[in-house]
Structures are given as C-alpha cells and as structure tokens.
Amino acid sequence: MIEIDGLRKRFVQGRGRKARVIDAVRGVTLRAANGRITALLGPNGAGKTTTLRMVAGLLHPDAGRVAVDGIDVAVRPRDALARLGVLSDARGLYPRLSARENVLYHARLHGLAEDDAQARIEELARMLEFSDLLDRRTEGFSQGERMKTALARALVHDPPNIVLDEPTTGLDVQAIRGLRQALRHLRDEHGKCIVFCTHIMQEVERLCDHVVVVAHGRAVAEGSVADICRLGGYDDFEQSFVSLAFGPETQGAAVP
Amino acid sequence: MSGAWIVFLKEVRDALRDRRTLIAVVLSSVVIGPVILFGLSVLVADSEQRAESREVWTVGIEHAPSLRNFLERQTLEVKIAPIDYERQLAQRRLGQPVLVITEDFETALLRGERPLIELVSSSADTRAAAGVRRVQRALQAFNQEVALLRLTHRGVAPAMLEAIRVEERDLADPLARAARLTGMVPFFVLMAVLYGALNAALDTTAGERERGSLEPLLMTPASPLAIVTGKWGAVASVGMLIAVLSCLSFLPAQTLMRSETLAALFRFGWREAALFLALLLPLAAMLSALMMAIAVRCRTIKEAQASNTVVILVASLLPMVTLFTDSGEQPWHLWTPALAQVTLMGRVLRGDPFAVPDLLLPLAVAAALAALCLADIARHLRVAASR
C-alpha cells in the first residue's frame, strides 16, 4: 500500500534575478490500496514524474509524507525501497551487458542470492515473454525489448508495491496486451499494489480499478472510471478527463 | 555480499567488455616504456657519436701541411668540405663546422704573421654548433704547440708559459646525469594513468546519467556511498592496472636501448618499479575519484570529457613547475599531488635517497583528497539522478 499525504515540491530554476519558481507538486494526496491497480492520470507536466521520484526517495519533498506499507520513505528510505518496484521515466540499460546480467545486477543489489535471482529472472522472462532475448546484449534491443528488460529489472525482487511510469511507451499491441495480462495476474493472484502512471485514456479504461486525475501539481478528482465520468459531467471518459484536468474549475484552483 | 562489492564487480565486467577502449588504453600504456626509451637512446647515441666524431671538415687544407700534420697526429680525420658548404650549413644539412684556410697560410705561419683561419658554422644548426668547441680545442692545441716550439727554440722553459694548470672534474655522478634525460619518464607514466582511468571514470558517472540507468540504480536499497565506493574501486583498478603495466613495460624495454651509456645509466630494476608503483597507485586512486567527482556533475559523457580536460591539464602542468623555477625542490612540492609523485619518481631515477616520510606525505594527501571526492559524489548522486 502506498500512501501519499499533502506532498509538495517546488523547484527554483536559475539564480538571482532570473530565478524562476516552479511549483511542480502542490499538495498531492492519494492512497493506492493492495490488490488494486491505481491510475495516476494527468497531462504532460502535471507533476506525475516528480511525485513518483518522491515516492522512490530520489527527491525530498518540501512538505508532506510518503509511506510504503506504513514505512515513511523520508525516515527509512532503504526499507521502503526494498518493498517498492519502480519503472521510472529513466529506464536505461547497460548496453554491454546481456538482459540477464542487467536484471541480475539489480537482483543482487536487492539482496537476492544468485540461484534465487536466476530462477526469478526465468519466471519474469516467461511472464513478459522475452525468454529468447535473455542472453543477448541489450545494445541492439528495440524499444519494446528494452522496456521488458527494464520492467523485469523493476520487478525482480518481487516487490509488494509496483509503480510504473508510462510502461506502454514503445510497446506494440501484442506486448501491451501481454503487459496488461501480467499486471492483472499480479493484482489478482498476488494482491499487489500497482500504481500506473499514464496519459493514455485507453489504458486506464481497460486496466485500472481506481483513477486519480492529476493536474497542475494536485489531485483534482478521484474514483473509478464511472466516478470520473460523473464528476467530469460527460459519458465519454476522455471528455470528462479533459474537463477535469483542463477545465475552468481546475484552472481556478491551480492559481491560488 | 555488500552493495559496494556487487557494484564493483559489475563495473569491472562492464569495463572489460568495452574491448576497443580497453585495448587502446592498455596498448598505449604498454608501448609507452619501450617507445620513450628507444627515442631517448637514439637521441643519446646520436649526441655521443657527434661528441666522439673524429672528423674535421676543411676547405683549402692543402695550403696548411703543418696543421694537417698536427690534426692527423691527434688521430683526427681531415675531410674536404663540399663546395656548397655554406648553403648546407644554413639549411642545417651538414652537421659539422668547416675550417676555411687561406692560400698563404703556411708561408704566413713561418713568417710569424698570424694567418687567419675561419671556423664556419651556423648557430641554427645545433649539430654543427656542438662540434665547434671540439674543433676550437684542436686549433688551440695547435696554436700552443707552435708557440711552445718557438719559445723552446729561444731557450724559454715551457713551464714559464703556464702560470696555472687547469684540470676539469665533473661531480655529477652517472645516475644524476642520466636523470636529466630520463626526467620525462615519470611524466609520461603519469599521463598514461590519467588517460587510462578517464574513460572508466566518465562511463560510470556521466555515462550512467546519459543512459538513464543511474535513477533505477539509486532505487535499489544500496546506499549511495556503497554505489560510489564500488564504482570508484573499479575505476581506480583500471587506473592502477595501467600504472602497473606502464611501469613494468620499462623493465624489458631496457634491452631495446641503442646507447650503451644510457643503458648503463638508466637503472630501472624491480626496486625502482616497486617505488614507482608505491607512488603511482595512490595517485591513480585519487585522480579517479577527482575525475568522477567532476564527471558526475555532467549530463553527458561529452560534457564530462570537456570538464575533465581541466584536470588533465593541471596534472600535466604541475610537474613542470620545476622546469619554470630555478629554486629547486620546495617543501610544498611534496604536498601537491602529481607534482609530488613526479618529483619523487625523479629522485628514484637519480638514485637519490629518500625517507619513508617522503612517501607517506603524498600518500596521505592523496587519501584525504580521494575521501573528500567520494563523499562529494555520494552526496551529489541523488541530485544528479533526478535532473
């Protein structure tokens, strides 16, 4: 379970008179429960990635608190990270290492023994359907192949909480379907808490149980897909989202 | 297995897979010893040859049989200069000064009229200029012999002519003399270490940022300090490997030396190699940390390369302090990284004695700087990942 409470982050760009203050996140509060896929839906620049970075302890929030399974990230970041699998915006691989070595590296850093790690890698490769790529160097991988490797790397320590930032980028239809199936499996069979960050409506409609609409650095609406449609005032999910994320009320709310 | 060790193993494996860079770096470090020694020995052999040259190039020697007789008694070979000797000298092609003798030399000499001999050389032609002193000395001896004969003829004792006697004594021992030539060896070894470690230093920091693999790495439970220590261990190992290879390459390289004098003077045995390494290994570790600290602030390898040229420039200029100042070795030299190591390596080559504290001081400085850099990288790593 991931709990985010009143999270705020402000960046200062430049120095002196040219300094520009950017309020990237201004008070995001949400709760992602176990056994559920929670969507973090928002336009580009809404503050999704910054929020995720604070969840992973890479950035220190100016205010607010993040807890992973009740562990405060600011207080015990190492323990929180051990219970968290993050596929972040940056998902670079080491081109001179094979896919297996890439994943194994992170498995070892998570404290898995060699044998357990190898077994886990085989299992993930089967689930994500890239077993035949495992022992090839990642140098010539396609975008989709890279994504699968990075995803396996994020999940290698079997974390109870999974955070995915735009995981479908670069995947073809088959692969997206495979991923969807894998995520449903993780939710239903293993009761994982999954946070799915995206700006693609389709993905949310098809996959997510709970939606949090983020705009201008804050959560503006929350609920199931049907709830969002009701809140937005349209039958169409996309139309409702647009009215919630870019509507006059949010604009007004965004500028206090 | 601790995080630092896992990171270390991965970085070493990654560096070993980068075959092309590795081969280039290792080859150049192994080749450096033989190439420098071969070049130096050619240089020394050439100057020795000239110093021992027993040739005197002349124009009109047929007008001076007595001088010819004298030169040949000194076992000098008298040669006839080519007609266009002036042009050849000006173009720096002759490499020998030329004696020009006038037609009336012999008669004028007999009459005691002090005939003129021209000694032609060009100061632009260093090889010819170097020979001037030698020919001058021969002419002076001829002068003296003729004068002595004349005086003895008139009943004057030769001792009357010599109020004092001069004898030259060179105090520089052979090792110190050779060190003037081999003084550049430490400098080249230092450069090999710098360039050897540079690539790994960039790849593990700025490269990791450029690829976007730093952020996922920091999302593992390994602490930033453990990650940095592991990375630094790998980079420093590469630098140290280069140091070992380039030092050891001097051992077999000595057989290549063409100059016997230099071979006798350049004493680089296992003891010297060990002392070199005692100085170079801590420096390699420190420079690795420094280059990483600079590179981690850069977003791309290219940017990091540009920033690190400053380190390389400073490290290569510092040892030259001793060239630009005449004040000799100063106490602060041993406090300055790179300069201290080059200074001490020079002492090793000269065979000067040096105490253990001299070794410990640069070691302590290097250790302190490396620790500072590592702490700085660890502190900066998270900021770097999220930018």
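Before reading on, note that the structure itself is shown above.
Residues numbered from 1 in each chain as written. Chains lettered and ligands numbered in written order. Predicted model: local features only at pLDDT ≥ 70, side-chain atom pairs only at ≥ 80, totals over all residues.

S.K.: Please explain the overall build of chain A as it appears in this structure.
M.R.: A count of helical and extended segments in chain A gives 10 helices and 10 strands. Relative to a compact globule of 256 residues, whose C-alpha radius of gyration would be 18 Å, chain A shows 19 Å and is just as compact. Considering only C-alpha atoms, chain A reaches an extent of 55 × 45 × 35 Å along its principal axes. Here chain A, with 256 residues, has 44% of them falling under the buried criterion. Taking the contacts inside chain A whose residues are at least 6 apart along the sequence as the reference set, 66% of them involve residues at least 24 apart. (Helix = DSSP H or I, 4+ residues; strand = E, 2+ residues; numbered from the N terminus. Rg over C-alpha atoms; globule rule 2.2 N^0.38 Å. Buried ≥ 20, exposed ≤ 12 C-beta atoms within 10 Å, placed from the backbone. Contact = placed C-beta atoms within 7 Å.)

S.K.: Which parts of the structure should I look at to understand the sheet that holds strand β4 (residues 117-120) of chain B?
M.R.: By definition, the strands of a sheet pair up through backbone hydrogen bonds, in either a parallel or an antiparallel sense. All names here are of chain B. Spatially, β2-β1-β3-β4 is the arrangement adopted by the 4 strands of the open sheet, whose pairing is mixed. Strands with a single pairing partner mark the edges of an open sheet, and in this sheet they are β2 (77-80) and β4. Each strand axis lies, on average, 35° off the axis of its neighbour in the sheet, ignoring direction. Note that strand β1 (residues 55-59) and strand β3 (residues 98-101) share 3 bridges and pair parallel. (Pairing = 2+ DSSP bridges. Axes fitted to C-alpha atoms, helices over the stretch in contact; angles between N-to-C directions.)

S.K.: Which parts of the structure should I look at to understand the nonpolar core?
M.R.: Across soluble globular proteins, you tend to see nonpolar side chains buried next to one another. Among the nonpolar cores identified, the biggest contains 150 residues, and A:Val213, B:Val193, B:Ala197 and B:Met292 are the most heavily contacted of them. It is helix α15 (residues 270-295) of chain B that contributes the most residues to this core, 15 residues altogether. B:Val193 has contacts with B:Gly239, B:Ile242, B:Ala243, B:Leu280, B:Ala284 and B:Leu287, leaving out every residue within four places of it along the chain. Core analysis: the next-biggest nonpolar cluster, separate from the first, contains 16 residues, B:Leu67, B:Leu71, B:Val98 and B:Leu99 among them. (Core = buried A, V, L, I, M, F, W, Y, C linked by C-beta atoms within 7 Å.)

S.K.: Sorry, what's going on with the interface of chain A and chain B here?
M.R.: Interfaces are frequently sized by the accessible area removed from exposure as the parts join. Across the contact, 22 residues belong to chain A and 21 residues belong to chain B. Those elements that provide at least two residues to the side of chain A that touches chain B are α2 (77-82) and α3 (99-109) of chain A. At 4 residues, the largest contribution of residues to the side of chain A that touches chain B is made by α3(A). Residues of the side of chain A that touches chain B, tallied by class, amount to 12 nonpolar, 4 polar and 6 charged. (Nonpolar A, V, L, I, M, F, W, Y, C, P; charged D, E, K, R; others polar.)

S.K.: Looking at this structure, I do not really get helix α16 (residues 301-317) of chain B. What am I missing?
M.R.: Owing to its 3.6 residues per turn, the α-helix aligns residues three or four sequence positions apart on the same side. Residue and element names in this part refer to chain B. Between the first and last C-alpha of α16 there are 24 Å, a value that for 17 residues agrees with the 24 Å anticipated at 1.5 Å per step. Taken as a whole, α16 carries its principal kink of about 30° at serine 307. Residues of α16 that are buried: Ala304, Asn308 and Ala315. (Expected span 1.5 Å × (residues − 1). Bend = angle between axes of the 7 residues up to and from the residue.)

S.K.: Is there a simple way to explain the sheet that holds strand β1 (residues 2-13) of chain A in this structure?
M.R.: Residues and elements named next belong to chain A. Spatial ordering of the open sheet is given by β2-β1-β4-β5, a layout of 4 strands whose pairing is antiparallel. One side of each edge strand has no neighbouring strand; the edge strands of this open sheet are β2 (20-32) and β5 (71-72). Pairing between strand β4 (residues 63-68) and β5: 2 bridges, direction antiparallel. The residue bridging alanine 67 from the neighbouring strand is aspartate 72, located in β5. Against the sheet, helix α1 (residues 48-55) touches β1, β2 and β4, its axis set at about 115° to β1.

S.K.: What am I meant to see in unusual backbone geometry here?
M.R.: With the exception of glycine, the majority of residues adopt a negative phi angle, and the majority of peptide bonds are in the trans configuration. A positive phi is found at A:Glu166, a non-glycine position, where the angle reads about 50°. Mapping A:Glu166 onto the fold places it in the loop between β7 (161-165) and α6 (173-190). One non-glycine residue, B:Ala338, lies in the positive phi region at around 75°. By C-beta crowding, B:Ala338 is classed as buried, having 24 other C-beta atoms within 10 Å.

S.K.: Sorry if this is basic, but what is going on with the packing of helix α9 (residues 185-204) of chain B against α16(B) here?
M.R.: A pair of packed helices can be characterised by two numbers: the angle between their axes and the separation between those axes. Residues and elements named next belong to chain B. Axis separation between α9 and α16 bottoms out at 11 Å; the angle between their running directions is 160°. Looking at the two axes, α9 sits roughly antiparallel to α16. For the element pair α9 and α16, the recorded crossing hand is right-handed. Mapping the contact onto sequence places Leu190, Met191, Leu194, Leu198 and Leu202 in α9 and Ile301, Ala304, Gln305, Asn308, Ile312, Ala315 and Ser316 in α16. Broken down by class, the residue content of the contact of α9 with α16 amounts to 9 nonpolar, 3 polar and no charged. (Parallel < 35°, antiparallel > 145°, perpendicular 65-115°, else oblique. Left-handed = near helix turned anticlockwise from the far one by under 90°.)

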